[in-house]
Structures are given as structure tokens and as C-alpha cells.
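The lines below spell out each chain.
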Amino acid sequence: MTSARTLLGRSSLIAVGALSSRITGFIRTAAIGAALGAGLVGDAYTTAVMLPGIVYEILLGGIGTAVLVPLLNQAKTNHRDGGREFAQRLLSFAAIAFGLVALVTTTAVPLLIPLLGGSATHGESANLTTAFAMFTVPAVFFYGIGAVATAILNARGTFTLPAWSPACNNLTLITAALVLIAFPADDFGDLRMMLLGGATLIGAALQAMILIPAMRKAGVPWRWKPSLRGFGLRSLSTTVLWVTAYVTAGQLGLLVILGLIRAAAAEGGPGPLIYNNAWVLLMMAYGILALPVITALTPELSKPNQPDSASTANQYRRGLRLLLMLTAPAVAAMIALAEPIAVVLFEWGDYTHAAALATAPVIAAAGLALIPYSISQLQLFTFLAIGDARTPAQIMIWSTILRVALCLGAFALVPPEHLAAVLMLVNAIAYTIVSVSSTLVLNRRAAEGHVVNFGPVIRWSGGIAMLLVFGVVFWWAASALFTTWKTAEFLTLVVCAPAFAAAYLPAIRTARTRR
């Protein structure tokens, strides 16, 4: 069983790569916002980029790490060649499947775009989004290849390069955005659209293709073998269907949110770009703080022939304790410092001060979703490790039904200028329901009666609450004393950042000393 020290060491290697990828990803987001602005063009591009992500998540996003890594581990253990041929066949099959999906989805783009946001987003908005999507949707092919290659490398103990590979994509898009900023134009013509759309597709290709040489080094050279017959995959069909249902439910909820935000933007409210900027910050925190722990823990949770359920429960305890202690300071920072973060990070170029202020409450709401979202992802892998894909899927389906109902109610009752923040808050509520429900089920099934002791975490969270209050008070004082452009915001982040960073010392100390 992996010790806490080993888990922390492995997580640290992944976190370095994840940190570079997430930081460059954030710079990419800020650069695109500065180049396009938080208006019609920015919202159209954001919608076009989100569509292939949704398709990918439904088809492989959850299955890639939750199902493929255990499957590849099993093949590595049971096959004479260490699972090499199975991995080659899996990658070849993915190339065919995602090639067909990319072709069909791209062909259907003109029919799909008008459905998002109703009649309020027809006309120029739909035309711009459709034009961008013709470049961005084919990227789903490379997302699929990259996900399978990542699963193969993770199953063979290679974590660092997959964590670094998104940086290639991000740097490509940053370059394109800087070119747009350096050569401004009165309107967004075809050449500018081809530059940004082409960069999006090329970046996705680089992110996937950089993993192929690493596969050869890991003992799985590329071979075209598209058939999966003879590998006993029928027994996994039920698991795959339930995991697909889990992911599909979550992505359908996102589609509803995307449509509602586009409709609200047509009425003058914050649009998809502002919502997505807050979501990117949430994902950056998740990718740096939580995902490395989950990625490092997944092979241990999914090892064939785990000795007993207590072993899985112990691994889950370690992961959950680390997640709580690593994500709590980030939650406090996103809530207390939402406005300074929005102004300092996003208010550049065509991204106006009004757009930055509109982004702040969405960032605060996203902060509330970080902990339940992170826990729900760890719980999904834990359920799969004990052979239960049905329970998390059912929990997610019911929570999505509630989320859609709350979103529709918010759209009917909340003014457009506040809708993006409220919809992000609905996300936090939905993931809280998922994580609490899953915790109750896991507690009931744990061999030792309780999955985790929350006592130390609750006592430590008192210090996090004090940090939150300190951040809010300092920001109020700084904004009252300094009125020049971004002075108060910069000062608040410079002073508060070390305090929030210091909150991670107990988490690191705990991870190093506990077994």
C-alpha cells in the first residue's frame, strides 16, 4: 500500500506539471479575454470551445481515468506481453471512434448552435459561434487520443508528461491571442477567425501528439491494431454504461447552463466568457491541488486483487484528508479576494473594468464549488475500485435533475446581471449533494465503520475562516485608501498571498508524517 510520503512525492511530481499547465491555461484564458473582450465575439468563441469539451467528456472524459486505468492495469498484470498489445488496440480503436465522432459533430454544428440560448442568440451570435465551432469541434478527435494515451502512460507509472502536455496547447493559443492584441482591427474578420480557430485545433493536436513518443519509451510503441476482440471487454460493459451515464448527466447540466447564460448575455448580463473565466480558475485550483492527489491515488485504488475493502477505505481516507486540507485555503482566497483577483487577472485589453467586476461574484461562487467537486471526483474512483459504478451514476443523475430545475428557476427569477453567479452557486449546491450522498454511502460500506475522521480537519478549518475574514477586511481597507487603477487590488493580493500560502504548511506536514 502506498504510504503518505510516497503519495505526496508522486503527487508533487504531477503537481509541477499540472501547475505549469494550469498557469499557462490561465494566461491563455486571460489573453483571449483581452483579445476578444467579454462581449459578442468572446462569448461566441467560448461557446465554440466548450462544445467539443462537452462531447469529449460524455464519450471518454470520465471513462478515461476511471475505467481505462484499471483496465490497463489488469491487462498489464494478466497478459504475457505486459498489456502492450491491448494498449495498442485500445489507442487504434479510439482513433477510429473519435474520428467518426469529430466528423459527425462537425457536420451537425449548424444545427446545434441555434439550440443554445433560444431565439435570443440567433443572428450574428449564432453565425460567429458556428464559424468558430467549425475549427474547434474537430479538436474532439485529439482530445480522445490524448485521453487514451494519458491513461496508458498513467497505468505504466508515467505521470509527469501527461501533466505537462496541456502547456503545448496553451502556448499555441497564447501566441495567437498576442498576435490579435498586437494587430487590432475594427471588426473580427475571417483572417482573425482563422488564426484563432486554427490555433485552437493545432494546439489540441500538439497536446495529444507529444504523448506518442512517451508511449514508446514506456513500452507501448504505436501500432495500428483497431480490433478489441478477445480481450474480455464485455464484462466491463455495465461499468462503462454507468460511468457514461454519470458523465453525461453532468455535461447535460452544463449544456443547460451554457444555453441560459447565452440567453442572459443577449439581455445584457454576463455571458459564457465571464462564466468560463471563473470556471477556469476553479479548474486551475482543482488541477493544481486536487487532481495530482487523485491521479496518484487512482492506480492504488484500482490495483487488481486489493486485499480487502479496508485497504481501499484507507487509501480513500488519505486522499480525502489531503483534498480537504489542500483545497480549503483556495476556497477562502476565491471568496475573500474575488474582486482583486478578477481585476488584476482579467482586466486587460478589451476586457473592461465592468466585465471584471461582473466576474468577481462568479469567482466567489466558483470557490464554493471547489471542495465538493474535488471530493466527488475522488469518490467516483473509490466507488469504481469497490466495483460499484451504479451508485455514483444514480446520485449524479438525481443531482443533475435538481440542478437543471434550480437553473431554470433562477433564469426565471434572477436578473440577467446576477444570473452567472447564481448558476455557479447552483453548481456548488449540486456537487455538495453528490459528495454528501456519496460520503453517507461510503461510510455505510466501510469495513471500519467510518471513512474518515473529520475532527482534525474541522479544527484546522477555524484558521481558514480567520484567513477569509482577514482577506475581506484588508481588501475593504485597501480599496478605501487607494483609488488609483489596480493599486488596491495589487496590494491586497501581494499582502494576502503569503498568508494564504502559509495555510498549506499543515497539509504538507500532515502528509509527510501520517501513515
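Residues numbered from 1 in each chain as written. Predicted model: local features only at pLDDT ≥ 70, side-chain atom pairs only at ≥ 80, totals over all residues. Heavy atoms only, no water.

K.L.:
Can you lay out the overall build of the protein chain for me, pointing to particular residues and giving the numbers?
P.N.:
For the protein chain, the helix and strand inventory stands at 19 helices and zero strands. Here the protein chain holds 515 residues, and 55% of them are scored as buried. For the protein chain, the share of sequence-separated contacts (at least 6 apart) that also reach a separation of at least 24 residues comes to 85%. Approximately 21,500 Å² of the protein chain is accessible, and the part contributed by carbon and sulfur atoms is 67%. (Helix = DSSP H or I, 4+ residues; strand = E, 2+ residues; numbered from the N terminus. Buried < 20%, exposed > 50% of the residue type's maximum accessible area, 1.4 Å probe, protein only. Contact = heavy atoms within 4.5 Å. Areas by Shrake-Rupley, 256 points an atom, 1.4 Å probe, with all protein chains shown as cover.)

K.L.:
Go over the packing of aromatic side chains with me, naming the residues and quoting the values.
P.N.:
All chains considered together, the criterion is met by seven aromatic pairs. Arranged with centres 5.1 Å apart and planes meeting at 80°, the rings of F141 and F142 form a pair that is edge-to-face. The partly exposed category is assigned to F141, whose relative accessible area is 22%. Pairing W279 with Y373 gives two aromatic rings, centres 6.1 Å apart and planes at 75°, and the pair type is edge-to-face. A residue pair is termed long-range when its members are at least 10 positions apart, and W279 in helix α11 (residues 272–301) and Y373 in helix α14 (residues 353–385) qualify at 94 residues. Residue class for Y373 comes out buried when judged on its relative accessible area of 12%. (Phe/Tyr/Trp six-rings, centres within 6.5 Å; stacked < 30°, edge-to-face > 60°.)

K.L.:
Which residues make up the environment of A342, and what are the values?
P.N.:
Inspection of the secondary structure puts A342 in helix α13 (residues 338–346). Separated by 20 residues in sequence, A342 and V362 place their C-alpha atoms 9.6 Å apart. Among residues more than four places away in sequence, those in contact with A342 are E347, A356, T359, A360 and I363.

K.L.:
So what's going on with the packing of α14 against helix α16 (residues 416–445)? Which residues, and what values?
P.N.:
Viewed as axis vectors pointing N to C, α14 and α16 meet at an angle of 25°, and their least axial separation amounts to 8 Å. As judged from the angle between their axes, α14 and α16 are roughly parallel. Relative to α16, α14 is oriented so that their crossing is left-handed. Taken together, the residues of the contact of α14 with α16 sort by class into 19 nonpolar, seven polar and one charged. (Axes fitted to C-alpha atoms, helices over the stretch in contact; angles between N-to-C directions. Parallel < 35°, antiparallel > 145°, perpendicular 65-115°, else oblique. Left-handed = near helix turned anticlockwise from the far one by under 90°. Nonpolar A, V, L, I, M, F, W, Y, C, P; charged D, E, K, R; others polar.)

K.L.:
Please set out a nonpolar patch on the surface residue by residue, giving values where relevant.
P.N.:
On the surface, F470, L481, F482, L491, V494 and V495 cluster together into a nonpolar patch covering about 520 Å² of accessible area. Secondary structure elements with two or more residues in the nonpolar patch: α17 (455–481) and α18 (487–502). If you tally residues by element for the nonpolar patch, the top one is α18, at three residues. Examined against the element boundaries, V494 turns out to sit in helix α18. (Patch = residues over 30% accessible without salt bridge, like charges linked within 9 Å, V, L, I, M, F, W, Y side chains within 5 Å. Salt bridge = Lys/Arg side-chain N within 4 Å of Asp/Glu carboxyl O.)

K.L.:
I'd like to hear about the nonpolar core, residue by residue, with values.
P.N.:
In this structure, Y275, L281, V362, I363 and L423 are the most contacted members of the largest nonpolar core, which totals 85 residues. Beyond its immediate stretch of four places on either side in the chain, V362 contacts I274, Y275, A278, A420, A421 and M424. (Core = buried A, V, L, I, M, F, W, Y, C linked by side-chain atoms within 4.5 Å.)

K.L.:
Residues and numbers for the packing of helix α15 (residues 390–413) against α16, please.
P.N.:
When two helices pack together, their arrangement is given by the angle between the helix axes and by the axis-to-axis distance. Contact geometry for α15 and α16: axes closest at 9 Å, N-to-C directions at 155°. Considered as vectors, α15 and α16 are oriented roughly antiparallel to each other. The handedness of the crossing between α15 and α16 comes out as right-handed. The class makeup of the residues in the contact of α15 with α16 is 17 nonpolar, five polar and two charged.

K.L.:
So what about α15? Which residues, and what values?
P.N.:
Helix length check: α15, at 24 residues, gives a terminal C-alpha distance of 35 Å against a target of 34 Å (1.5 Å per residue), a fit within 8%. Along α15, the residues classified as buried are T391, P392, A393, I395, M396, S399, T400, R403, C407 and A410. (Expected span 1.5 Å × (residues − 1).)

K.L.:
Requested: an account of the side chain of T327, with residues and values cited.
P.N.:
Structurally, T327 can be placed in helix α12 (residues 309–336). Note on T327: relative accessible area 1%, which makes it buried. Not counting residues within four places of it along the chain, the set of residues in contact with T327 comprises L289, A290, L370, I371 and S374.

K.L.:
Talk me through the side chain of T172; I want residue IDs and the actual numbers.
P.N.:
Structurally, the position occupied by T172 is in helix α7 (residues 166–182). At 2.9 Å, the side chain of T172 forms a polar contact with the backbone oxygen of C168. Ignoring any residue separated from it by four or fewer positions in sequence, one finds T172 in contact with A199, I202, G203 and L206. (Polar contact = N/O pair within 3.5 Å; in protein donor to acceptor, adjacent residues only side chain to side chain.)

K.L.:
I'd love a proper account of the confidence of the model for the protein chain, names of residues and values included.
P.N.:
Summarising the model, the protein chain shows a mean pLDDT of 79, and 82% of its residues fall at 70 or more. Below pLDDT 50 for its whole length, residues 304–308 participates in seven contacts with residues either more than four positions away or in separate chains. (pLDDT = per-residue confidence, 0-100.)

K.L.:
So what's going on with helix α5 (residues 140–155)? Residues and values would help.
P.N.:
Along its 16 residues, α5 runs 23 Å from first to last C-alpha, staying within 8% of the 22 Å computed at 1.5 Å per residue. Within two residues after α5, G157 carries a phi angle of roughly 80°, on the positive side.

K.L.:
Could you give an account of the environment of L357, naming the residues involved and the relevant values?
P.N.:
When you line up the elements, L357 lands in helix α14. With 18 residues separating them in the primary sequence, L357 and E339 have C-alpha atoms 6.5 Å apart. Once you skip the residues sitting within four places of it in the chain, L357 turns out to touch E339 and V343.

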